[in-house]
Structures are given as structure tokens and as C-alpha cells.
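# Survey of secondary and tertiary structure
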Amino acid sequence: MEIKALRTGHVGLNVTDLDRSLPFYLRVFGFQVQAEGEEPGRRWAFLGRDGQLVLTLWQQSDAAFATRAAGLHHLSFQVESVDEVKAAERVLRELGAGFAHDGVVPHGEGVSSGGIFFTDPDGIRLEIYAPTGADTAPAPSGAAPTCGFF
């Protein structure tokens, strides 16, 4: 059988503390909890928007995200406008999130798309970007992809 159409489904992330991560993702991304579960030694939450599952959080880690280990590099979310990126940045600053760059930056020199690059409570690298409007700042990595080097 040949695959005719393919798109990314939901993404699952391991977290160390669901009580800390869940409010972060709900507030920053406006997700709704679609399901939650708890059994001895296991907790999880399914998060989505508009009835669509987007992200699952699994409390099953005992250490922060390891940027030098093979696996997830970063998780990126696209929004419609730079104004939405800036609104998310304000929320993240209120939450004390760590940022790789100061403010909205383009994906590369001469590129209009770009956004913010930050970490969640476990150090998981995240991005919120818009397809246009980010070309007012210099690209932090020059011609190299900004999202690849943070």
C-alpha cells in the first residue's frame, strides 16, 4: 500500500512534573485539556484546540531535557501573525521562561518568517513563529537556520 497523504499528528512530550508543565502549556498555547489520567506511578494529559489533539504530556522523566542527546531538537508552532508571536512572548516573560534570543527574530538573513525561541519548565526547546513579519530584526545565526541553532 502506498501512502497517499501524510501529516504530523499529535506530539508527545515527557515531563518531570505534570502539575508544573500543564499550566504552562495551557496558558502559553491556549490548549484545552481533552483527557487526563493517573495510575500508580503514571500521569498524563492530552491537550488540544478546537477538538483536535495537538500535544500529550507524559509524566515519566526524572531529569530535564537533554539538548545533546539524540531525539527531539525542538517543537515549533505556527501562528498567523507576528502580533500573536509577541502576545505569546509577553505571556512567556510573565511566566519567567528562558529565551534563546531577545524578542522576535527571523529564521535567517533576508527571511520574513520568524518568531521566538524559548524553553518549557523542563528545558524542552520550543518555537512560536509567523510566516511573515519577522524581518525587522537581524538573524541571530546569519544565513544558517535560526531554529536549528538554539
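Preceding this paragraph is the structure being described.
Since this is a predicted model, take the numbers as computed values, not measurements. (Residues numbered from 1 in each chain as written. Predicted model: local features only at pLDDT ≥ 70, side-chain atom pairs only at ≥ 80, totals over all residues. Heavy atoms only, no water.)

On to the sheet that holds strand E1 (residues 11-15), then. Reading across the sheet, the four strands line up as E1-E4-E3-E2 and stay open at both edges, with mixed pairing between neighbours. The open sheet is flanked by E1 and strand E2 (32-39), the only strands paired with a single partner. The average angle at which neighbouring strand axes cross in this sheet is 20 degrees, direction not considered. Packed on one face of the sheet, helix H1 (residues 18-29) meets E1, E2, strand E3 (42-49) and strand E4 (52-59) and runs near 5 degrees to E3. (Pairing = 2+ DSSP bridges. Helix = DSSP H or I, 4+ residues; strand = E, 2+ residues; numbered from the N terminus. Axes fitted to C-alpha atoms, helices over the stretch in contact; angles between N-to-C directions. Contact = heavy atoms within 4.5 Å.)

Take helix H2 (residues 82-95) next. With 14 residues, H2 should cover 20 Å at 1.5 Å per step; its first-to-last C-alpha distance of 20 Å lies within 8% of that length. Within H2, burial applies to Val82, Val85, Ala88, Glu89, Val91 and Leu92. Considering only its buried residues, H2 is in contact with H1, strand E7 (114-119) and strand E8 (125-130). A positive backbone phi angle near 75 degrees is found at Gly96, which sits one or two residues after H2. (Expected span 1.5 Å × (residues − 1). Buried < 20%, exposed > 50% of the residue type's maximum accessible area, 1.4 Å probe, protein only.)

The phi angle at Asp50 is positive, at roughly 50 degrees, despite the residue not being glycine. When you line up the elements, Asp50 lands in the loop between E3 and E4. We classify Asp50 as exposed; its relative accessible area is 77%.

It is worth spelling out the nonpolar core at this point. Ranked by internal contacts, the top residues of the largest apolar core, which has 29 residues, are Tyr25, Phe29 and Leu57. Taken together, the elements giving at least two residues each to this core come down to E1, H1, E3, E4, strand E5 (75-78), H2, E7 and E8. Take this core: its biggest share by element is six residues, from H1. Residues contacting Tyr25, with those up to four places away along its chain left out, are Leu13, Gly30, Phe31, Leu47, Leu55, Leu57, Asp120 and Leu126. (Core = buried A, V, L, I, M, F, W, Y, C linked by side-chain atoms within 4.5 Å.)

Another aspect to go through is the packing of aromatic side chains. Summed over all chains, the structure comprises 10 aromatic pairs. When the ring of Phe29 is compared with that of Phe31, the centres are 5.4 Å apart and the planes differ by 25 degrees; the resulting orientation is stacked. Phe31 carries the same exposure label as Phe29, and that label is buried. Above the plane of the ring of Phe99 lies Arg93, whose end atom (NZ or CZ) is 4.1 Å from the centre. A cation over an aromatic ring shows up here: Arg125 above the ring of Phe150, its NZ or CZ 5.6 Å from the ring centre. (Phe/Tyr/Trp six-rings, centres within 6.5 Å; stacked < 30°, edge-to-face > 60°. Lys NZ or Arg CZ within 6 Å of the ring centre and 35° of its normal.)

Another point: the environment of Leu47. Inspection of the secondary structure puts Leu47 in strand E3. Take Leu47: its relative accessible area is 0%, and that puts it in the buried class. Put simply, Leu47 and Phe29 are 18 residues apart on the chain and 9.9 Å apart in space, counted from C-alpha to C-alpha. Residues within four places of Leu47 in sequence aside, it is in contact with Leu22, Tyr25, Leu26, Phe31, Gln32, Val33, Gln34, Gln52, Leu53, Val54, Leu55 and Leu57.

Turning next to the pattern of salt bridges. Counted by the stated rule, this structure contains seven salt bridges. A salt bridge links Glu39 to Arg42, with the shortest nitrogen-to-oxygen separation between them at 3.1 Å. With relative accessibility at 52%, the residue Arg42 sits in the exposed group. For the salt bridge of Arg93 with Asp102, the shortest nitrogen-to-oxygen distance reads 3.3 Å. In this structure Arg93 comes out as partly exposed when scored by relative accessible area, which is 39%. (Salt bridge = Lys/Arg side-chain N within 4 Å of Asp/Glu carboxyl O.)

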